[in-house]
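Here is how the chains run, residue by residue.
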Amino acid sequence: MSSDEAMNNVKKEGKMKDNTSLQTIETADVTTVADSSTITSSSTILSIHSLDSYKRLEVFQRSLGKEAREALYSMANNPYNVQIQVSSCDFIARISYDEFYRVVIASAGGILTILNSMKLHYENPKIQARGCVILGNMCTNSTVNKARICNTNGIKVIVDVMKYHSYDPQVQSSAYFALQQLTSAKAH
């Protein structure tokens, strides 16, 4: 079956094999269609034009889950590479405010990875500040993550960071945020 025939079959059926509805398919430069549920091409996309702007933004934002897992994997496998630790902490801190990514981070062992990075790099204020922000964000609406942080000596790590970087306002502010989130009883 040619790629055009397979594409027409998909359009006629209006559904993929897993019974998800098909919105719109743009078909410029289709190179391969293995079956009616697999469409591959750099320019063939499942269109999200029918979604409102908030949903489109949400779809785009959720696309970073793989990158989050890869950043945590890089941190865990290169614990002494300061550049990897800093850039990964920067990235994870930027996405950890979002509930979806908090689940991704926690399920990928992110809490322990962040704490290990903070323990290994006490002297680096960027890692400490970002690490505290991540830990604080991970506590939002999650008693499970609070318990994970407490059970892995996270409070001690944060307090030690505050002592070591007592004159760094960014580290102090981030550590205070993390402790505030850890000890907060109300859901945010």
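Direction vectors running N to C along helix α9 (residues 154-164) and helix α10 (residues 169-183) enclose 155°, while the axes themselves pass 9 Å from each other. In terms of their interaxial angle, α9 and α10 are classed as roughly antiparallel. In the crossing of α9 with α10, the sense of the turn from one axis to the other is left-handed. Contacts between α9 and α10 involve I155, I158, V159, V161 and M162 from the former and V171, Q172, A175, Y176, A178, L179 and L182 from the latter. For the contact of α9 with α10, a count of residues per class yields 11 nonpolar, 1 polar and no charged.

By size, the foremost hydrophobic cluster in this structure holds 34 residues, and its most contacted members are I92, I114, M118, L135 and I158. The set of elements that each furnish at least two residues to this core consists of α3 (65-77), α4 (82-95), α5 (99-107), α6 (110-120), α7 (125-139), α9 and α10. Ranked by the residues each element gives to this core, the list is headed by α7, at 7 residues. Discounting chain neighbours no more than four positions away, the residues touching I158 are C132, L135, A175, A178, L179 and L182.

Here α6 crosses α9 at 35°, and the two axes come no closer than 11 Å. You can see that α6 and α9 cross each other, and the crossing is left-handed. The residues of α9 that touch α6, namely those facing L115, M118 and K119, are G154, V157 and V161. Of the residues belonging to the contact of α6 with α9, the class tally is 4 nonpolar, 1 polar and 1 charged.

Conventions used here
Residues numbered from 1 in each chain as written. Predicted model: local features only at pLDDT ≥ 70, side-chain atom pairs only at ≥ 80, totals over all residues. Heavy atoms only, no water. Axes fitted to C-alpha atoms, helices over the stretch in contact; angles between N-to-C directions. Helix = DSSP H or I, 4+ residues; strand = E, 2+ residues; numbered from the N terminus. Parallel < 35°, antiparallel > 145°, perpendicular 65-115°, else oblique. Left-handed = near helix turned anticlockwise from the far one by under 90°. Contact = heavy atoms within 4.5 Å. Nonpolar A, V, L, I, M, F, W, Y, C, P; charged D, E, K, R; others polar. Core = buried A, V, L, I, M, F, W, Y, C linked by side-chain atoms within 4.5 Å. Buried < 20%, exposed > 50% of the residue type's maximum accessible area, 1.4 Å probe, protein only.

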